[in-house]
Amino acid sequence: MEITRLSTKGQIIVPKAVRDAHRWEPGTEFAVEAVAGGILLRPVRPFRGSRLEEVAGALPYSGRAKTEAEMKQAIAERVRQRRGRGRY
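What counts as what
- Residues numbered from 1 in each chain as written.
- Predicted model: local features only at pLDDT ≥ 70, side-chain atom pairs only at ≥ 80, totals over all residues.
- Heavy atoms only, no water.
- Salt bridge = Lys/Arg side-chain N within 4 Å of Asp/Glu carboxyl O.
- Helix = DSSP H or I, 4+ residues; strand = E, 2+ residues; numbered from the N terminus.
- Buried < 20%, exposed > 50% of the residue type's maximum accessible area, 1.4 Å probe, protein only.
- Contact = heavy atoms within 4.5 Å.
- Patch = residues over 30% accessible without salt bridge, like charges linked within 9 Å, V, L, I, M, F, W, Y side chains within 5 Å.
- Areas by Shrake-Rupley, 256 points an atom, 1.4 Å probe, with all protein chains shown as cover.
- Pairing = 2+ DSSP bridges.
- Expected span 1.5 Å × (residues − 1).

Caption draft 1: Quick look at the pattern of salt bridges. A full pass over the atoms with the stated rule returns six salt bridges. With a closest N to O distance of 2.9 Å, Asp-20 and Lys-16 form a salt bridge. Remark: Lys-16 and Asp-20 occur in helix H1 (residues 16–22); sequence separation between them is four residues, near one turn of the helix. For Asp-20, a relative accessible area of 45% translates into the label partly exposed. In this structure, Glu-68 engages Lys-72 in a salt bridge whose closest nitrogen and oxygen atoms are separated by 3.3 Å. Taken together, the residues span about one helical turn, with Glu-68 and Lys-72 both in helix H3 (residues 68–84) at a distance of four residues. Residue Lys-72 is classed as exposed on the basis of its relative accessible area, which comes to 53%.

Structure follows, in structure tokens:
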């Protein structure tokens, strides 16, 4: 268990071991919730999660559906292009 202190400005330092374990960077925003016995800090996600059913068809596409093989081939080609430019 880590111990920290409330500053005169009302700030609390989250111990480095905890920040590193959760990969919290400077600027991470937190929701603060009062719970029985204390508070709960929960990192705020920039976008809420969504399900496929909520976003399917969100981008317009005209033409025949691509096969799985065509999609894999297109992905492989794009990876080759990116690696050729020294990325990834």
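Caption draft 2: Highlighting the environment of Glu-29. Tracing the chain through its elements places Glu-29 in the loop between H1 and strand S1 (30–35). Beyond its immediate stretch of four places on either side in the chain, Glu-29 contacts Arg-42, Pro-43 and Val-44.

Caption draft 3: Layout of a nonpolar patch on the surface. Taken together, the side chains of Leu-6, Ile-12, Val-32, Ile-39 and Leu-41 make up a nonpolar region of the molecular surface, amounting to roughly 490 Å² of accessible area. With respect to the helices, strands and loops of the structure, Leu-41 is situated in strand S2 (residues 38–43). Taking relative accessible area as the criterion, Leu-41 reaches 41% and is therefore assigned partly exposed.

Caption draft 4: Representation of the pairing of S2 in the model. Pairing of S1 with S2, which is carried by six bridges, proceeds in the antiparallel orientation. Looking across to S2, one finds that Ala-31 is bridged to Arg-42. What sits between S1 and S2 in their antiparallel hairpin is a turn of two residues, with Gly-37 showing a positive phi close to 85 degrees.

Caption draft 5: Broad picture of H3. Between the first and last C-alpha of H3 there are 24 Å, a value that for 17 residues agrees with the 24 Å anticipated at 1.5 Å per step. Just downstream of H3, Gly-86 is the residue with a positive phi angle, here 85 degrees.

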